[in-house]
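Secondary and tertiary structure notes
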There are 2 protein chains.
Amino acid sequence: MGGLGRICGVLSPVVTPFDSELRPDRERFVRHCRWLIDQGVGLAVFGTNSEANSMSVGEKIALLDALIDAGLPPARMMPGTGCCAFTDSVELTRHALRRRCAGVLMLPPFYYKGVPDDGLFRSYAEIIERVGESDLRIYLYHIPPVSQVPISLALIERLLQAYPGTIAGIKDSSGDWSNTQAMLERFQPREFDVFAGSETFLLATLRGGGAGCITATGNVNPRRIAELARRWRDPDADARQAALDTVRTVFQQYPMIPALKAAIAHHRADPQWATVRPPLVELLPLQQSALVQALESAGFSMPGL
Amino acid sequence: MGGLGRICGVLSPVVTPFDSELRPDRERFVRHCRWLIDQGVGLAVFGTNSEANSMSVGEKIALLDALIDAGLPPARMMPGTGCCAFTDSVELTRHALRRRCAGVLMLPPFYYKGVPDDGLFRSYAEIIERVGESDLRIYLYHIPPVSQVPISLALIERLLQAYPGTIAGIKDSSGDWSNTQAMLERFQPREFDVFAGSETFLLATLRGGGAGCITATGNVNPRRIAELARRWRDPDADARQAALDTVRTVFQQYPMIPALKAAIAHHRADPQWATVRPPLVELLPLQQSALVQALESAGFSMPGL
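Residues numbered from 1 in each chain as written. Chains lettered and ligands numbered in written order. Predicted model: local features only at pLDDT ≥ 70, side-chain atom pairs only at ≥ 80, totals over all residues.

1. Examining the overall build of chain A
When you go through chain A residue by residue, the secondary structure sums to 12 helices and 7 strands. Its C-alpha atoms put chain A at 50 × 50 × 40 Å along the principal axes. The contacts in chain A between residues at least 6 apart in sequence include a share of 72% that link residues at least 24 apart. (Helix = DSSP H or I, 4+ residues; strand = E, 2+ residues; numbered from the N terminus. Contact = placed C-beta atoms within 7 Å.)

2. So, the relation of the copies chain B and chain A
Here chain B sits on chain A after a turn of 180° about the axis and a move of 0.0 Å along it, with an RMSD of 0.0 Å. Given the turn and translation reported, the copies of this chain are related as if by a two-fold rotation axis. When the interface residues of chain B are mapped onto chain A, 100% of them are again interface residues, pointing to one common binding face. (Least-squares fit on C-alpha atoms with pLDDT ≥ 70 in both.)

3. Observations regarding helix α10 (residues 237-251) of chain A
Residue and element names in this part refer to chain A. Under the 1.5 Å per step criterion, the end-to-end length of α10 is 22 Å for 15 residues, consistent within 8% with the ideal 21 Å. Among the residues of α10, those classed as buried are Leu244, Val247, Arg248, Val250 and Phe251. Projected onto a plane normal to the axis of α10, the buried residues spread over an arc of 155° and lie on a single side. Counted as exposed and oriented over 90 degrees from the buried face of α10: Asp238, Ala239, Ala242, Thr246 and Thr249. Tucked into the core, α10 has its buried residues touching α9 (222-230), α11 (256-268) and α12 (285-297). (Expected span 1.5 Å × (residues − 1). Buried ≥ 20, exposed ≤ 12 C-beta atoms within 10 Å, placed from the backbone. Arc of directions from axis to C-beta.)

4. Some details on the sheet that holds strand β2 (residues 42-43) of chain B
All names here are of chain B. Across the sheet, 7 strands lie side by side as β2-β1-β7-β6-β5-β4-β3; this open sheet has parallel pairing. The two strands at the open ends of the sheet, each matched to only one other strand, are β2 and β3 (104-106). Note that strand β5 (residues 167-172) and strand β6 (residues 193-196) share 4 bridges and pair parallel. Across the sheet, the residue bridging to Ile170 is Val194, located in β6. (Pairing = 2+ DSSP bridges.)

5. Quick look at the interface of chain B and chain A
Counting residues at the interface gives 31 residues for chain B, matched by 31 residues for chain A. Mapped onto the side of chain B that touches chain A, the elements with two or more residues apiece are α3 (86-98) and α4 (117-131) of chain B. Examining the composition of the side of chain B that touches chain A, we find that 6 residues originate from one element, α4(B), more than from any other.

6. Digging into the environment of Ile143(B)
Residues and elements named next belong to chain B. In this structure, Ile143 sits in the loop between β4 (138-142) and α5 (144-147). For Ile143, a count of 21 C-beta atoms within 10 Å puts it in the buried group. When the C-alpha positions of Ile143 and Val10 are compared, they lie 18 Å apart, and in sequence the two are 133 residues distant. Other than its neighbours up to four places away in sequence, Ile143 contacts Thr48, Ser173 and Gly197.

7. Considerations on the sheet that holds strand β6 (residues 193-196) of chain A
All names here are of chain A. The 7 strands lie next to each other as β2-β1-β7-β6-β5-β4-β3, forming an open sheet whose pairing is parallel. What marks the edges here is a single partner per strand, and that holds for β2 (42-43) and β3 (104-106). Where strand β1 (residues 9-12) and β2 come together, 2 bridges link them in parallel fashion. Bridging from a neighbouring strand, Ser12 pairs with Leu43 of β2. α9 contacts β1 and β7 (212-214) of the sheet and is inclined by roughly 155° relative to β1. (Axes fitted to C-alpha atoms, helices over the stretch in contact; angles between N-to-C directions.)

8. Let's talk about helix α7 (residues 177-186) of chain A
Residue and element names in this part refer to chain A. Of the residues making up α7, those classed as buried are Thr180, Met183 and Leu184. End-on, the buried residues of α7 take up no more than an arc of 100°, which puts them together on one face. Of the exposed residues in α7, those oriented more than 90 degrees away from the buried face are Ser178 and Glu185. Looking at the buried residues of α7, the elements they touch are β5 (167-172), β6 and α8 (202-207).

9. So, the environment of Ile138(A)
Residues and elements named next belong to chain A. You can see Ile138 is positioned in strand β4 (residues 138-142). Each C-alpha atom of the pair Ile138 and Thr166 lies 5.8 Å from the other, and the pair is 28 residues apart in sequence. Ignoring any residue separated from it by four or fewer positions in sequence, one finds Ile138 in contact with Gly103, Val104, Met106, Thr166, Ile167 and Ala168.

10. Brief notes about the confidence of the model for chain A
Mean pLDDT over chain A works out to 97, with 99% of the residues at or above the 70 mark. Interface confidence for the predicted complex, expressed as ipTM, amounts to 0.96; the pTM equals 0.97. (pLDDT = per-residue confidence, 0-100.)

11. Thoughts on the packing of helix α1 (residues 26-39) of chain A against helix α2 (residues 57-69) of chain A
Residues and elements named next belong to chain A. Contact geometry for α1 and α2: axes closest at 10 Å, N-to-C directions at 50°. What the angle tells us is that α1 and α2 run oblique. Seen along the crossing, α1 lies across α2 with a hand that is right-handed. Along the contact surface, α1 presents Arg26, Phe29, Val30 and Cys33, while α2 presents Leu63, Ala66 and Leu67. (Parallel < 35°, antiparallel > 145°, perpendicular 65-115°, else oblique. Left-handed = near helix turned anticlockwise from the far one by under 90°.)

12. Quick notes on the pairing of β6(B)
Residue and element names in this part refer to chain B. Here β6 shows a buried face lined by Asp193 and Phe195 and a second buried face lined by Val194 and Ala196. In this region the chain leaves β5, passes through helix α7 (residues 177-186) and returns to the parallel neighbour β6; the handedness of that crossover is right-handed. By the bridge criterion, 2 bridges tie β6 to strand β7 (residues 212-214) in an arrangement that is parallel. Directly across from Phe195, in β7, lies its bridge partner Gly212. In terms of handedness, the path from β6 via helix α8 (residues 202-207) over to β7 forms a crossover that is right-handed. (Right-handed = clockwise from strand over helix to strand, strands pointing away.)

13. Digging into the packing of helix α9 (residues 222-230) of chain B against helix α10 (residues 237-251) of chain B
Residue and element names in this part refer to chain B. Running from N to C, α9 and α10 point in directions that differ by 155°, and their axes come no closer than 10 Å. If you check the angle between α9 and α10, you find them roughly antiparallel. Helix-helix and strand crossings are classified by hand; for α9 and α10 the assignment is left-handed. When α9 is examined against α10, the residues Arg224, Ile225, Glu227 and Leu228 are found in contact with a partner set consisting of Ala237, Arg240, Gln241, Ala243 and Leu244.

14. Some points on the nonpolar core
In terms of nonpolar packing, the biggest core is built from 186 residues, with Met78(A), Tyr139(A), Met78(B) and Tyr139(B) touching the most fellow members. Look past the residues within four positions of Met78(B) in its chain and what remains in contact with it is Ile7(B), Leu11(B), Gly42(B), Ala44(B), Cys101(B), Ala102(B), Gly103(B), Val104(B), Leu105(B) and Tyr139(B). (Core = buried A, V, L, I, M, F, W, Y, C linked by C-beta atoms within 7 Å.)

15. As for unusual backbone geometry
The omega angle of the peptide bond from Pro278(A) to Pro279(A) is 15°, so this bond is cis rather than trans. Of note, Phe46(A) is a non-glycine position whose phi angle comes to about 65°, a positive value. Positive phi values are uncommon outside glycine, yet Arg100(B) reaches one of about 65°. Summarising the element assignment, Arg100(B) is placed in the loop between α3 and β3.

16. Considering the environment of Trp273(A)
Residue and element names in this part refer to chain A. In this structure, Trp273 sits in the loop between α11 and α12. Looking at Trp273, the number of C-beta atoms within 10 Å reads 21, which means it is buried. Spatially, the C-alpha atom of Trp273 lies 23 Å from that of Met78, the residues being 195 residues apart in sequence.

Following this line, the structure appears as structure tokens:
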């Protein structure tokens, strides 16, 4: 998996467009992914913001194939492959590996709550052993507010010792900086790449030696987020971070996924883009126009779209 | 769906046996289901206690086919078909309907938390519209401690009005008797069958006009639970309930699914039965023997196994 080096910098958990029958829309998806790559961000397709768990395994495989067959670079892709059933995770992970993706972002199984670290270790171990390829690169996905199944520091330690090289890093979407900091100090020096779960912590993560961030707003504000990742040692880095925060704050006033899609729909003049799959719901018309207005006031644009 | 009347009484969320390669074991599964039917309980296969979400859609379809092809009665089956992706729920539900199951037990999509009732309504509506059969019977599955996505009384009201007849009832695994009571009062008179989530509330549910219970311990103590459901008007009903509670209390001192499987493994003298899929873990040997001893002290047995 991967090419010359590890995947790093800014990745976008790519929002998934649906057509009027709620089917994944491959054409819109490829076009959006191409724009993201052109803007300088990688493709963490099938993340939380992608409504990945609202799609079947077959739908995700077809979308990944569409992207790669369209010529987009798998070395810039980190598809989400963690499902509740390890058999599904194995199938998706094998496919990502076959298509030469840089790595996979893997949720723990998230139906059962309060499961012991032993069970989570065994879940990752089953997948790794069954896939059985030395070039597999797994990025753990720690997002307790949604999954309700945390990945503890002790579990990371155990996985890293058992599968060095394969356990390649983490996306920390805990929103708890002290947790990210602990991971940076303890694991980053051991070829374990720490990605912040949003650009809010991008500068701090890079200063702490981390790899970058995987962020929802990478879908709409990719160029400026990627710029900070490239120029974080510049004297204006704090000002760049503050500018990113301003845009993010606007989105955070709405349910994130519908808001991202509404912004894309507006800037592409393509209302179909606003569609979400249940259990999510689209923004109300009033919310949509308020969002668009707030973004304009913040000087937001989506150049090259 | 269903035969002469609605499915009611006691159902067991059937535990799923796995072989040494962690594959679902059809032979052991059919044998256990046949024993459960002989003991007088129905088959809520693919519930929480079945590790249903630890299996792929294909694995569940194959298990359901194995059961029905072995001659077990679909009129006594209520397979769980609710997945995170409505496309998966549609596929499983269609299959259950094609095989003439009495009904399906349907979790809400459970990855996203804090979703509005609108989104949950739309999720059930999509499935119902796509399946598009008037003999579909959906039993909602309310299990907030695990799914973290509750099914509110307001949502039930809305679903019942939109899809009377199709929305056929609920399994209430909230553990909150006041919630079950509210459902019994408000919805049971409207051909909406309320099943308690465990036998702890069986007598109270039947006295309140409810349909029965769907209970984990139905896997190991089926006959006596089914007896209470048949004889709940008898003068010794409270004593029967107390006896059931004694057995359940023993199981509740351990993680439920591994404990159920350990008890079956012991009584069948078949250690393979104890196997669980990750993220669950088996009981430790010391826990197993303590469980067996506690069950013996409680006068527990599994006749006819």
